[in-house]
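A closer look at the structure
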Amino acid sequence: MSTQTQISATTVREITDWLYMEAGLLDAGRYREWLDLVAEDLSYIVPLRVTREREAVTDVVEGMTLMDDDADSMEMRVLRLETEYAWAEDPPSRSRHFVTNVQVAPGDSEDEFEVTSNLLLYRTRGDVATYDVLSGERKDVLRRAGDGFRLAKRVVLLDQTTIMTHNLALIM
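Note that the structure is predicted; figures quoted are calculated from it, not measured. (Residues numbered from 1 in each chain as written. Predicted model: local features only at pLDDT ≥ 70, side-chain atom pairs only at ≥ 80, totals over all residues. Heavy atoms only, no water.)

Considering the overall build of the chain
Of regular secondary structure, the chain possesses three helices and six strands. The order of α-helices and β-strands along the chain, N terminus first, is α-α-β-β-α-β-β-β-β. For the chain, the proportion of its 172 residues judged to be buried stands at 42%. In the chain, the share of contacts with a sequence separation of at least 24, taken over all contacts with a separation of at least 6, comes to 60%. When the accessible area of the chain is evaluated, it comes to approximately 10000 Å², of which 51% is carbon and sulfur surface. (Helix = DSSP H or I, 4+ residues; strand = E, 2+ residues; numbered from the N terminus. Buried < 20%, exposed > 50% of the residue type's maximum accessible area, 1.4 Å probe, protein only. Contact = heavy atoms within 4.5 Å. Areas by Shrake-Rupley, 256 points an atom, 1.4 Å probe, with all protein chains shown as cover.)

Here's what the structure looks like:
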């Protein structure tokens, strides 16, 4: 995050409420409405992580991702989920996004905010007794728009290095 400047409590609350609203849309499978929350220049990345020795600078593998999307490819994901050909999500997953530890800092421009939050994502599919739990840190850039905020960038740093889920057809 950029150098610390005072962010008003009202702005922090608005951003936190936006994150909760976003989680609600995703949990309800309202992906078309979620798309209305993303900026045209969206960058959405879930990098690959590996276990490294303590001295390593990072555990993120440069250039390797589990997801690397923009607004157009997210639109394609949603379009596919709206068809009968989204076999990975038939029947649809039931998910619950738990968003915590929200921290807000000024972004690179006056209308942008760097937002860090923790995510716990629970997903179950069909009538099976198994479930998926993914945890991680999200690093977002939210841009103030006339009627709220738009997601301009999201990097999801999953805590797991081996992802055991059936698929990653979820928006995190």
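So much for the structure itself; the text now carries on.
Here we look at the environment of V102
As for its placement among the helices and strands, V102 is situated in strand 3 (residues 94-106). For the pair V102 and L19, spaced 83 residues apart in sequence, the C-alpha separation works out to 9.0 Å. Setting aside chain neighbours within four positions, we find V102 in contact with T16, L19, V115, T116 and S117.

Notes on helix 3 (residues 71-81)
Regarding helix 3, the residues found buried are A71, M74 and V78. For helix 3, the angular spread of buried residues about the axis comes to 60°, placing them on one side. In this structure, helix 3 carries D72 and M76 as exposed residues pointing more than 90 degrees from its buried face. Sitting at the head of helix 3, D70 places a side-chain oxygen 3.1 Å from the backbone nitrogen of D72. (Arc of directions from axis to C-beta. Polar contact = N/O pair within 3.5 Å; in protein donor to acceptor, adjacent residues only side chain to side chain.)

A word on helix 1 (residues 9-27)
An ideal rise of 1.5 Å per residue puts 27 Å on 19 residues; helix 1 measures up with 27 Å between its terminal C-alpha atoms. Within the sequence span of helix 1, burial applies to T11, I15, T16, W18, L19, E22, A23, L25, L26 and D27. On its buried side, helix 1 packs onto helix 2 (31-35), strand 3, strand 4 (112-124), strand 5 (131-145) and strand 6 (148-158). Just downstream of helix 1, G29 is the residue with a positive phi angle, here 70°. (Expected span 1.5 Å × (residues − 1).)

Things to note about the packing of aromatic side chains
If you walk through the whole model with that rule in mind, you get two aromatic pairs. Considering the side-chain rings of F113 and F149, the 6.1 Å spacing of their centres and the 80° angle between planes classify their relative orientation as edge-to-face. One end of the pair, F113, is in strand 4; the other, F149, is in strand 6, with 36 residues separating them in the sequence. Consider the rings of Y122 and Y131, whose centres lie 5.4 Å apart with planes at 35°: the pair is tilted. (Phe/Tyr/Trp six-rings, centres within 6.5 Å; stacked < 30°, edge-to-face > 60°.)

Considering the environment of S95
Inspection of the secondary structure assignment puts S95 in strand 3. Between the alpha carbons of S95 and L170 there is a distance of 8.7 Å; along the sequence they are 75 residues apart. Look past the residues within four positions of S95 in its chain and what remains in contact with it is L26, D27, L121, Y122, R123 and L170.

Some words on the pattern of salt bridges
A complete count under the given rule lists 14 salt bridges for this structure. Where D69 meets R77, a salt bridge forms, and the shortest distance between an N and an O atom there is 2.9 Å. What makes R77 partly exposed here is its relative accessible area of 29%. Beyond isolated ion pairs, a larger network of salt bridges with shared partners links E22, R138, D140 and R154. (Salt bridge = Lys/Arg side-chain N within 4 Å of Asp/Glu carboxyl O.)

Examining the confidence of the model for the chain
Per-chain confidence: the chain averages 86 in pLDDT, with 83% of residues scoring 70 or above. Element-level pLDDT for the chain is lowest in strand 2 (residues 60-70), with a mean of 81, against a maximum mean of 97 in helix 1. (pLDDT = per-residue confidence, 0-100.)

Structural notes on the pairing of strand 3
The two faces of a sheet get side chains in turn, since along a regular strand they alternate between them. As defined by bridge partners, strand 3 adjoins strand 4 across 11 bridges and the pair is classed as antiparallel. In the sheet register, R94 faces strand 4, and the bridge partner there is T124. Hairpin remark: strand 3 followed by strand 4, antiparallel, with five residues in the connecting loop. (Pairing = 2+ DSSP bridges.)

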